[in-house]
Amino acid sequence: MEEEKRSGLRFRDNKVKEALEEIRLCAGGFEQRILPFLLDEKGAYSEEKTCRLIDGIMEGIGEVSEWIPDFEPEICQQYRCLLYCAVRAMTTPYTFYQESGAFDTFLPEEATFAELLEQLKSDEEEMDITTGIGLVTRKIGYILSRTMSEIYHSLTDKEIPEEPSLFWRMIQTEEQKVLEKEFYDSLMEDVEEQDRLLDEEFYMEECEYYLQEQENIKRRQEEQKKRLRESFASAGEYCERYESIFRYPEKNYQPLRHNRHMEMLLGIFLQKQGFSIGNEEDDCFTALVYLKKALRIMRRQKAEE
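Residues numbered from 1 in each chain as written. Predicted model: local features only at pLDDT ≥ 70, side-chain atom pairs only at ≥ 80, totals over all residues. Heavy atoms only, no water.

(A) Broad picture of helix 2 (residues 47–58). Look at helix 2: 17 Å from first C-alpha to last across twelve residues, which is about the 16 Å you get at 1.5 Å a residue. Listed in full, the buried residues belonging to helix 2 are Glu 47, Thr 50, Leu 53, Ile 54, Gly 56, Ile 57 and Met 58. Considering only its buried residues, helix 2 is in contact with helix 3 (60–64), helix 4 (73–90), helix 5 (113–120), helix 9 (235–245) and helix 10 (255–272). (Helix = DSSP H or I, 4+ residues; strand = E, 2+ residues; numbered from the N terminus. Expected span 1.5 Å × (residues − 1). Buried < 20%, exposed > 50% of the residue type's maximum accessible area, 1.4 Å probe, protein only. Contact = heavy atoms within 4.5 Å.)

(B) Structural context of the pairing of strand 2 (residues 101–104). Examined bridge by bridge, strand 1 (residues 95–98) and strand 2 share four bridges and lie antiparallel to one another. Note that in strand 2 the partner of Phe 96 across the bridge is Phe 103. Connecting the antiparallel pair strand 1 and strand 2 is a turn made up of two residues. (Pairing = 2+ DSSP bridges.)

(C) Main features of the environment of Ile 151. Its place among the elements puts Ile 151 in helix 6 (residues 142–156). Filtering out sequence-adjacent residues up to four positions away, Ile 151 remains in contact with Ala 89, Thr 92, Tyr 94, Leu 228, Phe 232 and Tyr 238.

(D) Looking closely at the layout of surface pockets. Space inside the largest pocket adds up to approximately 430 Å³. Around the largest pocket sit 22 residues that line it, and Thr 91, Thr 92, Pro 93, Ser 231 and Phe 232 are the ones nearest its centre. In terms of residue count, the dominant contributor to the lining of the largest pocket is helix 8 (residues 200–231) (four residues). (1 Å grid on protein atoms, 1.4 Å probe; cavity = no way out; pocket = protein on both sides within 12 Å on 5 of 7 lines; lining within 4 Å. Points joined across faces, edges and corners; volume = space filled by probe spheres on them.)

(E) Representation of the nonpolar core. Leu 53, Phe 113, Leu 116, Leu 144, Met 148 and Tyr 238 are the most contacted members of the largest nonpolar core, which totals 56 residues. Breaking this core down by element, the ones donating at least two residues are helix 2, helix 3, helix 4, helix 5, helix 6, helix 9 and helix 10. No other element matches helix 4, which puts twelve residues into this core. (Core = buried A, V, L, I, M, F, W, Y, C linked by side-chain atoms within 4.5 Å.)

(F) Quick peek at the environment of Gln 77. Considering the arrangement of structural elements, one finds Gln 77 in helix 4. For the pair Gln 77 and Ile 245, spaced 168 residues apart in sequence, the C-alpha separation works out to 8.3 Å.

(G) Expanded view of a negative patch on the surface. On the surface, a cluster of negative charge is made up of Glu 280, Glu 281, Asp 282 and Asp 283. Structurally, Glu 280 is set in the loop between helix 10 and helix 11 (281–304). (Patch = residues over 30% accessible without salt bridge, like charges linked within 9 Å, V, L, I, M, F, W, Y side chains within 5 Å. Areas by Shrake-Rupley, 256 points an atom, 1.4 Å probe, with all protein chains shown as cover. Salt bridge = Lys/Arg side-chain N within 4 Å of Asp/Glu carboxyl O. Lys, Arg positive; Asp, Glu negative; His and termini not counted. Charge placed at Lys NZ, Arg CZ, Asp CG, Glu CD.)

(H) Spatial organisation of the packing of helix 2 against helix 4. At their nearest, the axes of helix 2 and helix 4 sit 10 Å apart, and the two run at 135 degrees to each other. Taken together, the axis directions place helix 2 and helix 4 in an arrangement best described as oblique. As for the relative orientation of helix 2 and helix 4, their crossing is right-handed in sense. Mapping the contact onto sequence places Glu 47, Thr 50, Leu 53, Ile 54, Asp 55, Ile 57 and Met 58 in helix 2 and Cys 76, Tyr 79, Arg 80, Leu 83, Tyr 84, Val 87 and Arg 88 in helix 4. Of the residues in the contact of helix 2 with helix 4, the class split is nine nonpolar, one polar and four charged. (Axes fitted to C-alpha atoms, helices over the stretch in contact; angles between N-to-C directions. Parallel < 35°, antiparallel > 145°, perpendicular 65-115°, else oblique. Left-handed = near helix turned anticlockwise from the far one by under 90°. Nonpolar A, V, L, I, M, F, W, Y, C, P; charged D, E, K, R; others polar.)

(I) Representation of a nonpolar patch on the surface. Residues Val 16, Leu 20, Ile 23, Phe 285, Leu 288 and Leu 291 make up a contiguous nonpolar surface patch of about 530 Å² in total accessible area. Of all elements in the fold, only helix 1 (2–27) and helix 11 reach the threshold of two or more residues within the nonpolar patch. By secondary structure assignment, the location of Leu 288 is in helix 11. Relative accessible area serves as the criterion here: at 36%, Leu 288 is assigned to the partly exposed category.

(J) Highlighting the side chain of Thr 95. With respect to the helices, strands and loops of the structure, Thr 95 is situated in strand 1. At 2.7 Å, the side chain of Thr 95 forms a polar contact with the side chain of Asp 104. In contact with Thr 95, other than residues within four places in its own chain, are Ala 102, Phe 103, Asp 104 and Gln 224. (Polar contact = N/O pair within 3.5 Å; in protein donor to acceptor, adjacent residues only side chain to side chain.)

(K) Geometry of a positive patch on the surface. A cluster of basic residues, Lys 292, Lys 293, Arg 296, Arg 299 and Arg 300, forms a positive patch on the protein surface. Tracing the chain through its elements places Arg 296 in helix 11.

(L) Quick peek at the packing of aromatic side chains. Counted under the stated rule, the structure contains ten aromatic pairs. With a centroid separation of 4.5 Å and an interplanar angle of 20 degrees, the aromatic rings of Tyr 152 and Tyr 242 are classed as stacked. In this pair, Tyr 152 sits in helix 6 while Tyr 242 sits in helix 9, placing the two residues 90 residues apart along the sequence. For Tyr 152, a relative accessible area of 2% corresponds to the buried category. Every member of this aromatic cluster is reached through a ring pair, and the members are Tyr 152, Phe 232, Tyr 238, Tyr 242 and Phe 246. Against the face of Tyr 45 rests Arg 88, its NZ or CZ located 4.1 Å from the ring centre. Positioned over the ring face of Phe 96 is Arg 146, at 4.2 Å from the centre of the ring. (Phe/Tyr/Trp six-rings, centres within 6.5 Å; stacked < 30°, edge-to-face > 60°. Lys NZ or Arg CZ within 6 Å of the ring centre and 35° of its normal.)

Put into structure tokens, the structure is as follows:
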């Protein structure tokens, strides 16, 4: 019962934090959709407008360079390439086909700057401590990094660059490495034992089904690759910028600095576009009245407890 109470408390606290974050992003104009910035008057993709968007975002460096001196030239170039590829990936229909089913990565018409910011942020995650796997550092969101790399691979058939890694890095002690190996070795022993106990006929049927599923996945992937190659505009530019991301030192990805830069650049761009609530005096004060009213209610509730 005590655990249930704590679980309910965590749930409510998280909901409040999520609501506050939504308010913050909405006030900054981050709920604006990305796709309109990439399309021409006829609704077709425009490379010119896309480059204009990236240039507009990068112009924010000039606004803060006097008091934030850590925008080094090589970092700026990497950010420019990363933003371009991220925007293209989030506004391109792409489906992952795997054994557990198929799922779409992003909805191009619905993709917002808030989602872009979330996907561009670095993050750290502790893996299952029972296996001792350790700490995983993601330099950008997993879905975004995977989509960017899959698009590149589909367009070029080249292997995805691994070093310096853009996507994730695992930090492990020697003890954790041993624990991880023991954990997976035990899993494999269980799998082999289950295979041995299976009826041979049933086993063959399962193998045949598995191979058939693999063929279906491969066929769908090839169909998607063909569609992508036929429809993806400015493919050469995308691939060149994707490869450029990996030409810069790994030290550029200092998580806190990277996250601060991404939010700052996108925030300044949206403000200059007139999407921030602060751009309209009446709207800003109306929102402040409601927020302060909510604050008074919370304070009154706390005082009555």
